[in-house]
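Below, each chain spelled out in residue letters.
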Amino acid sequence: MVLSDETRAAGGQVSRAAPSALGPGGDHGGPDTAAGEALRARLAASPVETRLGERVWSVVARAALTEPAADPCPEPPPTGFRMEEEAGFGARSPARFRVDTAGQGGVRSVFAAAIVLCPGATERVVPFPGWTLPGVIGLAAATVLLKSQRLLPGRRVVVAGAGPLVPAVAATIVKAGGTVAAVADLGGRSDWLRTLPRLAAMPRLLGRGAGWVVRIAGARVPVLFRHAIRSAEGRGELEAVTIAPIDANGTWRREAGDWPGRRIAADALAVGHGLAPATEIGRLLRVRHRFSRAEGGWRPVTDDWGRTSLSRCYVAGDGAGVFGAAAAVQSGRLAGGAAAVDAGRIDPGAVAARARRLRRTRNRAARFGAAMSRLAALRPAMVESIPAGTVVCRCEDVIRQRIEDAIAQGAVEVNQLKHFTRCGMGPCQGRTCGEVVAELLAARIADDPDEGRRAAGQWTGRAPLRPITMDDLAGRFDYDDIPIPPPAPL
């Protein structure tokens, strides 16, 4: 069994480890860090081969190489040519997948009979004027700075967005000795109160959230409910943030015929509008997906164990729907059990009782996570309010007006829009702009936002899944290492 993780210490985002060079303590990680250390100790004592600090840049499914293509090439491959053998799959090998990674050890490939995907989630930020200024970062990025590097995002920070990361980041900054100039929450007090019955399913997490609120209140941080970032301003770097009120749908509220707003001096803005499942590997493998706004957006279709539509491919964690860290742990155990049962390593009857307990625990945690996910669900009205000249795709510097022009020219699906505008062709491959671009298109092709998103579809998965240098791919060689065929006869 092999574990590949692009971080240098296992733990994901929630249980992220601080670099060893920083020494023990003071990482502001709280109970998450302690839980992570316990899990890392169990991993180290297990027979699992860990490949940490290796970035997965491609995954190949053998089935995709052996099944006939929908549109055959006009010229058939040469006689005796076997695509699976060219991809490294031996004729008698039981391997179904090839996972390609790049790290300090160079490029490596792992051949596996089964694969469990744990890609996590991608943070969503709805663009606003000035969001590309230095000093503006995501809530998730602020969490990484605080947990892993023990760094404050800035001297005077505005924290804004939707969902539980807003109070979590604000409280952690205060705990670390930083200054939070203001908290702007898209939700209202009533939105939070409506979630209390579901939050009660996880009293430990509810208590932690209450602690965040107490710490923020104790520091006398202004908390503005139903407010959003109107703009970020600065000459070369962030200097101030303008916050304005919104209604429950995310539409700007007018007062006395004008746009109200509060300008707050700040050198850092931590902002995030929820999470979306990271589906790039699943899309590359062509597993079936469905759209669910309440679960973060597009997510793979799975059974109750985490099995996908592709045989021996499983998904666990927020990559299978954004339900939070507590539910992710249980879904991982279920997916691992399913892989062991399908491989014939465990008798199905032997794990049935344990699986029922895991599902009960997961479902209880998922109710809590679903309530948080709904608070942070993408609001179509916010996307509609993006000014025409605002950059939406940061990698390719594409503004909203260019996207609207492409839709007017006939783009009715996200891959068409990608061809027309280059949105999603940059290093992030649409992880930053994809949700917003799809939402803009959905609003133009259907009256119902969810139906529009289903019609707009998903961007086709492509390798490399993450940026990788040619040096990593090519390795070290000189011209004597290049095989040169003999010249063709005259």
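Residues numbered from 1 in each chain as written. Predicted model: local features only at pLDDT ≥ 70, side-chain atom pairs only at ≥ 80, totals over all residues. Heavy atoms only, no water.

J.: Help me out: how do you make sense of unusual backbone geometry in this one?
T.: Glycine aside, negative phi is the norm for most residues, and most peptide bonds take the trans geometry. Residue Pro464 is bonded to the preceding Ala463 through a cis peptide linkage, with omega at 5 degrees. Mapped onto the secondary structure, Pro464 falls in the loop between helix H16 (449-456) and helix H17 (470-474). Although it is not a glycine, Arg150 sits at a positive phi angle of roughly 60 degrees. With respect to the element layout, Arg150 can be found in the loop between helix H4 (139-149) and strand E9 (156-162). Not every positive phi belongs to a glycine, and Asp397 is a case in point at roughly 55 degrees. Here Asp397 shows up in the loop between strand E20 (391-393) and strand E21 (398-399). (Helix = DSSP H or I, 4+ residues; strand = E, 2+ residues; numbered from the N terminus.)

J.: How should the pattern of salt bridges be read in this particular structure?
T.: Opposite charge on two side chains lets them pair, provided their charged atoms get close. In total, this model carries 30 salt bridges according to the counting rule given. A salt bridge links Arg444 to Glu384; its shortest N-O distance comes to 3.1 Å. Of this pair, Arg444 sits in helix H15 (residues 434-445) while Glu384 sits in helix H12 (residues 380-384), and the two are 60 residues apart along the sequence. Using a relative accessible area of 36% as the deciding quantity, one classes Arg444 as partly exposed. (Salt bridge = Lys/Arg side-chain N within 4 Å of Asp/Glu carboxyl O. Buried < 20%, exposed > 50% of the residue type's maximum accessible area, 1.4 Å probe, protein only.)

J.: Explain the environment of Ala376 to me, please; I cannot follow it from the model alone.
T.: Along the chain, Ala376 turns up in the loop between helix H11 (348-375) and H12. The spatial distance from the C-alpha of Ala376 to the C-alpha of Ala488 is 64 Å, given a sequence separation of 112 residues. Among residues more than four places away in sequence, those in contact with Ala376 are Arg124, Ala162, Gly163, His273 and Gly274. (Contact = heavy atoms within 4.5 Å.)

J.: Is there a simple way to explain the pairing of strand E13 (residues 240-245) in this structure?
T.: A regular strand carries its side chains on alternate faces of the sheet. Among the 6 residues of E13, 6 are classified as buried, and the element is accordingly described as predominantly covered. Neither face of E13 is exposed, since Ala240, Thr242 and Ala244 on one face and Val241, Ile243 and Pro245 on the opposite face are all buried. Pairing of E13 with strand E14 (residues 262-265), which is carried by 4 bridges, proceeds in the antiparallel orientation. Looking across to E14, one finds that Val241 is bridged to Ile264. (Pairing = 2+ DSSP bridges.)

J.: Explanation requested: the packing of aromatic side chains in the structure shown.
T.: The geometry of an aromatic ring pair is captured by two quantities: the separation of the ring centres and the angle between the planes. Tallying each qualifying case throughout the model produces 2 aromatic pairs. An angle of 85 degrees between the planes, with centres 5.3 Å apart, marks the rings of Phe89 and Phe111 as edge-to-face. Taken together, the positions of Phe89 in the loop between helix H3 (83-86) and strand E4 (97-103) and Phe111 in strand E5 (residues 106-112) put the pair 22 residues apart, joining distant regions of the chain. You can call Phe111 partly exposed: its relative accessible area is 37%. (Phe/Tyr/Trp six-rings, centres within 6.5 Å; stacked < 30°, edge-to-face > 60°.)

J.: Explanation requested: H4 in the structure shown.
T.: Every α-helix winds through 3.6 residues per turn, so residues three or four apart in the chain are directed the same way. Looking only at H4, the buried set comprises Leu139, Ala142, Thr143, Leu146, Lys147 and Ser148. With its phi angle positive at about 60 degrees, Arg150 sits one or two positions after the end of H4.

J.: I keep staring at the packing of H4 against helix H5 (residues 165-175) and nothing clicks. Help me out?
T.: When two helices pack together, their arrangement is captured by the angle between the axes and the distance separating the axes. Orientation of H4 relative to H5, taken along the N-to-C sense of each, is 30 degrees, at an axis distance of 10 Å. Between H4 and H5 the crossing geometry is left-handed. Here Leu139, Ala140, Ala142, Thr143 and Leu146 of H4 come into contact with H5, specifically with Leu165, Val166, Val169, Thr172 and Ile173. The residue makeup of the contact of H4 with H5, split by class, is 8 nonpolar, 2 polar and no charged. (Axes fitted to C-alpha atoms, helices over the stretch in contact; angles between N-to-C directions. Left-handed = near helix turned anticlockwise from the far one by under 90°. Nonpolar A, V, L, I, M, F, W, Y, C, P; charged D, E, K, R; others polar.)

J.: Would you explain a nonpolar patch on the surface in this entry?
T.: Residues Val107, Met470 and Leu473 make up a contiguous nonpolar surface patch of about 270 Å² in total accessible area. Note that Val107 resides in strand E5. (Patch = residues over 30% accessible without salt bridge, like charges linked within 9 Å, V, L, I, M, F, W, Y side chains within 5 Å. Areas by Shrake-Rupley, 256 points an atom, 1.4 Å probe, with all protein chains shown as cover.)

J.: Is there a simple way to think about helix H13 (residues 400-408) in this case?
T.: For H13, the full list of buried residues reads Arg400, Ile403, Glu404, Ala406 and Ile407. For H13, the angular spread of buried residues about the axis comes to 160 degrees, placing them on one side. Tucked inside the fold, the buried residues of H13 contact H12, E20, E21, helix H14 (414-421) and H15. Backbone geometry just downstream of H13 places Gly410 in the positive-phi region, at approximately 120 degrees. (Arc of directions from axis to C-beta.)

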